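So you can see what is in the structure, the chains are spelled out below.
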Amino acid sequence: MLARIQLSSPVRRGQPMEVRLLVQHPMETGFRFDVLGTTIPKNVIHTLHASYGGRTVFRARLGSGVAANPYFQFWVMPDDSGELLVQWQDDQGQSGEVSAKVEVTRA
Amino acid sequence: MLACALLGVGRAHGQAQAPTLDWSLLYRPFTGEATPSKARVTVSTPRLADNGFTVPVSVRIDSPMTAADHVQRVVLLSNRNPRPVIAEFDLGPWSGKAELATRVRLNGSQVVMALAQTSDGRWWQGTAEVEVTESACMDAS
């Protein structure tokens, strides 16, 4: 699964850093039908987890109310350079991850 | 789609819109007995959304985000969607700012509510009204 992280720059120690995350996923609601009239099974990313330097910084539990190709913007306050790792799982048991290196500049 | 059809959605189809649910039914599973105070939470959405498939929603909570006083949980609720709980988010003092944004599906014009729980366990709420011209859950035939 494709995903992209964008970070605000420069990142300063002790200053909140803006994280924008886009994940490619259909987020099937389970309310739609295919051309043969059978229900397309619900398949959404139900949990998404972001960690920075091994510590959880953001967690999301999602339902079918989140639009396809989910987008999230949130903030993380880094105290040192490190790696932001985002992992998620969907209803079909598929999981994905994306990471971004963060260089903290001295303020 | 089935649920939408059962709820009778869509003015375009000459049917009544899905009924709105009572807020207390929606927040009680999170807040328990407590009624969230109408303060500190600001929800922003476009006033008019061309379609309900992707509506940008941003939530800002007035909080210093320190270890002693921070927002730990944010819940997005819709009172007209077939599944009213849109998403739940966990934040903490490491967030630095109590702000987040996402894009949601909305089944018709309605009020979107954000609940926030601060580290002292209290719940806060904020709402935004969205006019949705084309509701989600009407696609696919």
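Remember, predicted model here, so these are calculated numbers, not experimental data.

## Points about the overall build of chain B
Next up, step 1: The secondary structure content of chain B amounts to two helices and eight strands.
Next up, step 2: Tracing chain B from N to C terminus, the helices and strands come up as α-α-β-β-β-β-β-β-β-β.
Next up, step 3: The buried share among the 141 residues of chain B stands at 43%.
Next up, step 4: Considering only contacts in chain B between residues 6 or more positions apart, those separated by 24 or more positions represent 68%.

## A few points about the overall build of chain A
Next up, step 1: On a plain count of helices and strands, chain A comes out with zero helices and nine strands.
Next up, step 2: Along chain A, helices (α) and strands (β) appear in the sequence β-β-β-β-β-β-β-β-β when read from the amino end.
Next up, step 3: By the compact-globule yardstick of 13 Å for 107 residues, chain A is too spread out, its C-alpha radius of gyration being 16 Å.
Next up, step 4: Excluding contacts between residues fewer than 6 apart, the proportion of contacts in chain A whose partners are at least 24 apart in sequence is 55%.

## Section: the nonpolar core
Next up, step 1: In terms of nonpolar packing, the biggest core is built from 57 residues, with V76(A), V59(B), V74(B), L76(B), V104(B), A114(B) and A116(B) touching the most fellow members.
Next up, step 2: With residues near it in sequence (within four places) discarded, V74(B) still touches V59(B), F89(B), L91(B), L100(B), A114(B) and A116(B).

## Notes on the sheet that holds strand β7 (residues 82–90) of chain A
Next up, step 1: Here we have nine strands laid out as an open sheet, ordered β8(A)-β7(A)-β4(A)-β5(A)-β5(B)-β4(B)-β7(B)-β8(B)-β2(B), and mixed in their pairing. Here the strands that pair on one side only, and so sit at the sheet edges, are β8 (95–102) of chain A together with β2 (48–51) of chain B. Ignoring which end each strand starts from, the neighbouring axes of this sheet average 20 degrees apart.
Next up, step 2: Relative to β7(A), strand β4 (residues 45–52) of chain A is paired through seven bridges, and the arrangement is antiparallel.

## Some points on the interface of chain B and chain A
Next up, step 1: In this complex, chain B contributes 31 residues to the contact, which on the side of chain A involves 25 residues.
Next up, step 2: Of the residues that constitute the side of chain B that touches chain A, the class distribution is 17 nonpolar, six polar and eight charged.
Next up, step 3: In this structure, strand β5 (residues 55–62) of chain A lies alongside strand β5 (residues 85–90) of chain B, joined through four bridges in antiparallel fashion. The partner of A60(A) across the bridge, within β5(B), is F89(B).

## Things to note about the pairing of strand β3 (residues 55–61) of chain B
Residues and elements named next belong to chain B.
Next up, step 1: Along β3, the buried face is formed by V55, V57, V59 and I61; none of P56, S58 and R60, which line the opposite face, is buried.
Next up, step 2: Where strand β1 (residues 41–44) lies against β3, four bridges are found, and the strand directions are antiparallel. The partner of V41 across the bridge, within β3, is I61.
Next up, step 3: Note that β3 and strand β6 (residues 99–104) share six bridges and pair antiparallel. Looking at β6, one finds that V57 is bridged to T102.

## Description of unusual backbone geometry
Next up, step 1: With omega at -5 degrees, the peptide bond leading from S9(A) into P10(A) counts as cis.
Next up, step 2: Even without being glycine, M65(B) reaches a positive phi, approximately 55 degrees.
Next up, step 3: In this fold, M65(B) is placed in the loop between β3 and β4 (71–78).

## Comments concerning the sheet that holds β1(B)
Next up, step 1: A sheet is described by the order of its strands in space; here six strands give the open sequence β1(A)-β3(A)-β6(A)-β6(B)-β3(B)-β1(B), paired in antiparallel fashion. Only two strands of the sheet have a single neighbouring strand rather than two, namely β1 (3–7) of chain A together with β1 of chain B. The average undirected angle you get between the axes of adjacent strands in this sheet is 15 degrees.

## Some details on the environment of W23(B)
All names here are of chain B.
Next up, step 1: By secondary structure assignment, the location of W23 is in helix α2 (residues 23–31).
Next up, step 2: Here the alpha-carbon distance between W23 and S78, two residues 55 residues apart in the chain, equals 8.9 Å.
Next up, step 3: Residues in contact with W23, not counting those within four places in the same chain, are N79 and M113.

## A look at the confidence of the model for chain B
Residue and element names in this part refer to chain B.
Next up, step 1: Across chain B, pLDDT averages 86, with 85% of residues at or above 70.
Next up, step 2: Under a pLDDT of 50 for its full length, residues 5–15 has, in the predicted model, 18 contacts with residues more than four places off or in other chains.
Next up, step 3: The complex prediction reports pTM at 0.87, with the ipTM value standing at 0.91.

## Looking at the environment of G82(A)
Residue and element names in this part refer to chain A.
Next up, step 1: Tracing the sequence through the fold places G82 in strand β7.
Next up, step 2: Since 17 C-beta atoms lie within 10 Å of it, G82 is described here as partly exposed.
Next up, step 3: G82 sits 50 residues away from R32 along the chain, and the two C-alpha atoms are 42 Å apart.
Next up, step 4: In contact with G82, not counting residues within four places along its chain, are Y52, G53 and V102.

Parameters at a glance
- Residues numbered from 1 in each chain as written.
- Chains lettered and ligands numbered in written order.
- Predicted model: local features only at pLDDT ≥ 70, side-chain atom pairs only at ≥ 80, totals over all residues.
- Helix = DSSP H or I, 4+ residues; strand = E, 2+ residues; numbered from the N terminus.
- Buried ≥ 20, exposed ≤ 12 C-beta atoms within 10 Å, placed from the backbone.
- Contact = placed C-beta atoms within 7 Å.
- Rg over C-alpha atoms; globule rule 2.2 N^0.38 Å.
- Core = buried A, V, L, I, M, F, W, Y, C linked by C-beta atoms within 7 Å.
- Pairing = 2+ DSSP bridges.
- Axes fitted to C-alpha atoms, helices over the stretch in contact; angles between N-to-C directions.
- Nonpolar A, V, L, I, M, F, W, Y, C, P; charged D, E, K, R; others polar.
- pLDDT = per-residue confidence, 0-100.

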